[in-house]
Amino acid sequence: MVIDYTGWIVRSEAGHDKGGIFCVVGEEGGLLLLADGKGRKVARPKKKKMSHVSVLNRGGYLSPTIQRLGMGEPVTDRALRRALAAFREELRRV
């Protein structure tokens, strides 16, 4: 069974970006491609092993931007930043 991680929201657990919240924008050779729209743009995502992230949301976050990403449609860095900021705010409220 192949799992599509695109659109999942994860937290980095290792490396210089530890603690950062990213969105999975794709996969390449068993590595996740992560972007946050600010330090890591969608055009140049960070490659990271699955074991170096913890999953915060498995693609069920109801942001139009994240849903478009999950369907394979292109998104802008600005839209991704806003979606992740809203997700962070939602995490703070819980």
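Given the structure is predicted, the values throughout are model-derived calculations rather than measurements.

1. Here we look at the nonpolar core
Judged by nonpolar contacts, the single largest core of 14 residues is most densely connected at Ile-9, Cys-23, Ile-66, Leu-80 and Leu-84. Breaking this core down by element, the ones donating at least two residues are strand 2 (21–28), strand 3 (31–35), helix 1 (64–70) and helix 2 (77–93). The contacts of Leu-84, once residues within four sequence positions are left out, are Ile-9, Ile-21, Phe-22, Cys-23, Ala-35 and Asp-36. Counting 8 residues, the second largest nonpolar core, distinct from the first, contains Val-10, Val-24, Leu-34 and Val-53.

2. Some words on the sheet that holds strand 3
Spatially, the 5 strands line up as an open sheet ordered 4-3-2-1-5, and their pairing is antiparallel. Looking at strand neighbours, the two that pair on one side only are strand 4 (46–48) and strand 5 (53–57), the edges of this open sheet. Taken over all neighbouring pairs, the strand axes of this sheet differ in orientation by 45° on average, direction set aside. Direction of pairing for strand 1 (residues 9–12) relative to strand 2: antiparallel, over a ladder of 3 bridges. If you follow Arg-11 over to strand 2, its bridge partner there is Ile-21. Against the sheet, helix 2 makes contact with strand 1, strand 2, strand 3 and strand 5, and its axis sits at roughly 130° relative to strand 2, the strand it touches most.

3. Some details on the pattern of salt bridges
Tallied over the entire structure, the rule returns 3 salt bridges. A salt bridge links Asp-17 to Lys-48; the nearest nitrogen and oxygen atoms lie 3.3 Å apart. Pair noted here: Asp-17 is in the loop between strand 1 and strand 2 and Lys-48 is in strand 4, with a separation of 31 residues, a long-range link. No difference in accessibility class separates Asp-17 from Lys-48, as the two residues are buried.

4. A short note on a positive patch on the surface
Residues Lys-38, Lys-41, Arg-78, Arg-81 and Arg-82 make up a contiguous surface patch of positive charge. By the secondary structure assignment, Arg-81 is in helix 2. A relative accessible area of 33% means that Arg-81 is categorised as partly exposed.

5. Side note on the packing of aromatic side chains
Taken as a whole, this structure holds 1 aromatic pair when the rule is applied. The interplanar angle of 85° and the centroid separation of 4.9 Å between the aromatic rings of Tyr-5 and Trp-8 together place this pair among those described as edge-to-face. We classify Trp-8 as buried; its relative accessible area is 11%.

Analysis parameters
Residues numbered from 1 in each chain as written. Predicted model: local features only at pLDDT ≥ 70, side-chain atom pairs only at ≥ 80, totals over all residues. Heavy atoms only, no water. Core = buried A, V, L, I, M, F, W, Y, C linked by side-chain atoms within 4.5 Å. Buried < 20%, exposed > 50% of the residue type's maximum accessible area, 1.4 Å probe, protein only. Helix = DSSP H or I, 4+ residues; strand = E, 2+ residues; numbered from the N terminus. Contact = heavy atoms within 4.5 Å. Pairing = 2+ DSSP bridges. Axes fitted to C-alpha atoms, helices over the stretch in contact; angles between N-to-C directions. Salt bridge = Lys/Arg side-chain N within 4 Å of Asp/Glu carboxyl O. Patch = residues over 30% accessible without salt bridge, like charges linked within 9 Å, V, L, I, M, F, W, Y side chains within 5 Å. Areas by Shrake-Rupley, 256 points an atom, 1.4 Å probe, with all protein chains shown as cover. Lys, Arg positive; Asp, Glu negative; His and termini not counted. Charge placed at Lys NZ, Arg CZ, Asp CG, Glu CD. Phe/Tyr/Trp six-rings, centres within 6.5 Å; stacked < 30°, edge-to-face > 60°.

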